[in-house]
Amino acid sequence: QGIFVLGLPYAVLHSGYSGLLLIVLAAALCCYTGKILIACLYEENEDGQLMRVRDTYEDIANACCRKRSPNLGGIVVNVTQVVELIMTCILYLIVSGNLLSHSFPYVPVTEKAWSVIAFITLLPCVFIRTLKIVSKLSQLCSLVHFVIILIVITYCLIQMHQWSWAKFRLSLEFEDFMVSVGVIIFSYTSQIFLPTLEGNMKNPAEFRCMLNWTHFFACILKTTFALTAFLTWGEKTKEVITDNLPSFLETLVNLCLLTKALLSYPLPFYAATEVVCSCISKGNHSNYRSPLLALTVRGSFLLLTLLMAMFTPHFALLMGLSGSVTGAAMTFLLPSLFHLKLKWKKLSFLEKCADISIFILGSLCSLAGIVCSIKGLLEVFG
């Protein structure tokens, strides 16, 4: 449940009834691609039992490209992962600065200075060495997010007497609809973390069940949140729904969002540094255990996210462009392509059709998102 969730009512504003259906469809598709991605980690042994023969997204990519270029697939996947994860970390820093600026408008501090203050609170991230610590922080993040959703939905229910189904749009504009598609789909993405998550579960056999239930409840929560918020504000719905709240609630929710953003940062940060450390130390396992190497990589990445958050112009548009490429690739294109490549002989006709359909759909979404983002950049730069 990422910060993208706060943009769902705005997405419904531009997509109408189709947006609600898209929230459900996106949950089903992302759940499916998560399952087939994990299926690529396993192969049957001589006795017909499934054995985990791969550990990471990189291993899956290398297995698919083994005949032509053994390391090409892993390089592409690692670069894509790191770009998306770093962009996510930068976004959290920018959001933190923005939230602090809006929460304390009378304090004579610029938004960039607030981002530096938020960055200082994240310095302990350089000492995070295990996924267990990250999972605890993510659990707290989920609790804070639940509080935010609860506040917004409660306020919307109080305003129920103003609701009208006539607020839903029947006509759609292509560019606005594609913006909605991007917001809805990327509010579900988690494929980057799944191989590591499944490998660290006490009982990996429960992974598929866990994925089903989490996506089911996420779908219910997102649909309820988007629907109630849109029915409350209608055409006045803003890009970030918390901006619609009255001032006394907006400050409280902004502080909760700030807490959520800071608690969300460690997960993509940890995942990105683990990928880089693994690549650097490949072939020399002892270096991977070197505290100095890990500390240097984490410190460098932490500083990089701050510098890019401070000096990257029009970051939102650049984030949209990279998200259309990396997000769609990691969520739809690569899982379906790898599944077809590694499991082709064992897949049924319907499974092959499903993978091919998802690949085509992901390609179209990615292409449309790239076109819209480049158009926005060209308009900004005149």
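Note that this is a predicted model, so its numbers are computed, not measured.

Criteria and thresholds
Residues numbered from 1 in each chain as written. Predicted model: local features only at pLDDT ≥ 70, side-chain atom pairs only at ≥ 80, totals over all residues. Heavy atoms only, no water. Helix = DSSP H or I, 4+ residues; strand = E, 2+ residues; numbered from the N terminus. Rg over C-alpha atoms; globule rule 2.2 N^0.38 Å. Buried < 20%, exposed > 50% of the residue type's maximum accessible area, 1.4 Å probe, protein only. Contact = heavy atoms within 4.5 Å. Areas by Shrake-Rupley, 256 points an atom, 1.4 Å probe, with all protein chains shown as cover. Lys, Arg positive; Asp, Glu negative; His and termini not counted. Charge placed at Lys NZ, Arg CZ, Asp CG, Glu CD. Axes fitted to C-alpha atoms, helices over the stretch in contact; angles between N-to-C directions. Left-handed = near helix turned anticlockwise from the far one by under 90°. Nonpolar A, V, L, I, M, F, W, Y, C, P; charged D, E, K, R; others polar. Polar contact = N/O pair within 3.5 Å; in protein donor to acceptor, adjacent residues only side chain to side chain. Salt bridge = Lys/Arg side-chain N within 4 Å of Asp/Glu carboxyl O. Parallel < 35°, antiparallel > 145°, perpendicular 65-115°, else oblique. Phe/Tyr/Trp six-rings, centres within 6.5 Å; stacked < 30°, edge-to-face > 60°.

K.L.:
So what about the overall build of the protein chain? Which residues, and what values?
P.N.:
Looking only at helices and strands, the protein chain has 15 helices and two strands in total. Relative to the 2.2 N^0.38 estimate, which gives 21 Å for 382 residues, the radius of gyration of the protein chain is 21 Å and therefore close to what a compact globule would have. When the 382 residues of the protein chain are sorted by exposure, 48% land in the buried category. When contacts within the protein chain are restricted to residue pairs at least 6 apart in sequence, those whose partners lie at least 24 apart make up 78%. Total accessible area computed for the protein chain in this model is approximately 19,400 Å², and 68% of it derives from carbon and sulfur atoms. For the protein chain, the distance from the average position of its 27 positive side-chain charges to the average position of its 22 negative side-chain charges is 5 Å.

K.L.:
With reference to specific residues and values, describe the packing of helix α4 (residues 72–103) against helix α5 (residues 111–121).
P.N.:
Where α4 meets α5, the closest approach of the two axes is 7 Å, and the angle between their N-to-C directions is 115 degrees. The handedness of the crossing between α4 and α5 is right-handed. Here α4 contributes Leu93, Ile94, Ser96, Gly97, Asn98, Leu100 and Ser101 to the contact with α5, which in turn contributes Glu111, Trp114, Ser115, Ala118 and Phe119. Of the residues that constitute the contact of α4 with α5, the class distribution is six nonpolar, five polar and one charged.

K.L.:
So what's going on with helix α3 (residues 57–64)? Which residues, and what values?
P.N.:
Residues lying three or four places apart along an α-helix face the same way, a consequence of the helix completing one turn every 3.6 residues. Burial runs high along α3: seven of the eight residues are buried. Burial in α3 covers these residues: Tyr57, Glu58, Ile60, Ala61, Asn62, Ala63 and Cys64.

K.L.:
Pulling in residues and values, what's your account of the side chain of threonine 273?
P.N.:
Residue placement: threonine 273 occurs in helix α11 (residues 266–280). By relative accessible area, threonine 273 is classed as buried at 1%. Here tyrosine 270 takes part through its backbone oxygen, which lies 2.9 Å from a polar atom of the side chain of threonine 273. What threonine 273 contacts, discounting residues up to four positions off in sequence, is Val297, Arg298 and Phe301.

K.L.:
An account of the pattern of salt bridges is requested, with residue identities and associated values reported.
P.N.:
Applying the stated criterion to the full structure yields five salt bridges. The residue lysine 343 makes a salt bridge to glutamate 43 at a minimum N-O spacing of 3.8 Å. Placement of lysine 343 in helix α14 (residues 315–343) and of glutamate 43 in strand β1 (residues 42–44) is noted, with a sequence separation of 300 residues between them. Assessed through its relative accessible area of 10%, lysine 343 is described here as buried. According to the relative accessible area criterion, glutamate 43 is partly exposed, its value standing at 22%. Close ionic contact of glutamate 198 with arginine 52 constitutes a salt bridge, the shortest N to O distance being 2.8 Å. Residue glutamate 198 is found in helix α8 (residues 194–200), and its partner arginine 52 is found in strand β2 (residues 50–52); the two are separated by 146 residues along the sequence.

K.L.:
Can you lay out the packing of α4 against helix α13 (residues 291–311) for me, pointing to particular residues and giving the numbers?
P.N.:
Relative to each other, α4 and α13 sit at 60 degrees, their axes nearing to 9 Å. Between α4 and α13, the interaxial angle falls into the category oblique. For the element pair α4 and α13, the recorded crossing hand is right-handed. Packed against α4, whose contacting residues are Val82, Ile86, Cys89, Ile90, Leu93 and Ile94, the element α13 presents Phe301, Leu304, Thr305, Leu306, Met308 and Ala309 at the interface.

K.L.:
Describe the packing of aromatic side chains, and please don't skip the residues or the numbers.
P.N.:
Within this structure, the stated rule accounts for seven aromatic pairs. Here the aromatic rings of tyrosine 155 and tryptophan 233 are separated by 5.8 Å at their centres, their planes lie at 15 degrees, and the arrangement is stacked. Taken together, the residues tyrosine 155 in helix α6 (residues 131–158) and tryptophan 233 in helix α9 (residues 207–233) connect sequence positions 78 residues apart. With relative accessibility at 13%, the residue tryptophan 233 sits in the buried group. Both rings, one in tryptophan 213 and one in phenylalanine 216, keep their centres 5.9 Å apart while their planes meet at 90 degrees; by these two values the pair is edge-to-face. Here tryptophan 213 pairs with phenylalanine 216, and both are found in helix α9, just three residues apart, close to one helical turn. Judged by its relative accessible area of 47%, tryptophan 213 is partly exposed.

K.L.:
Describe the environment of glutamine 191, and please don't skip the residues or the numbers.
P.N.:
Note that glutamine 191 resides in the loop between α7 (174–186) and α8. Linking glutamine 191 and threonine 33, residues 158 residues apart in sequence, is a C-alpha distance of 7.8 Å. A distance of 2.9 Å separates a polar atom in the side chain of glutamine 191 from the backbone oxygen of cysteine 30.

Taken by themselves, the reported measurements are silent on function.
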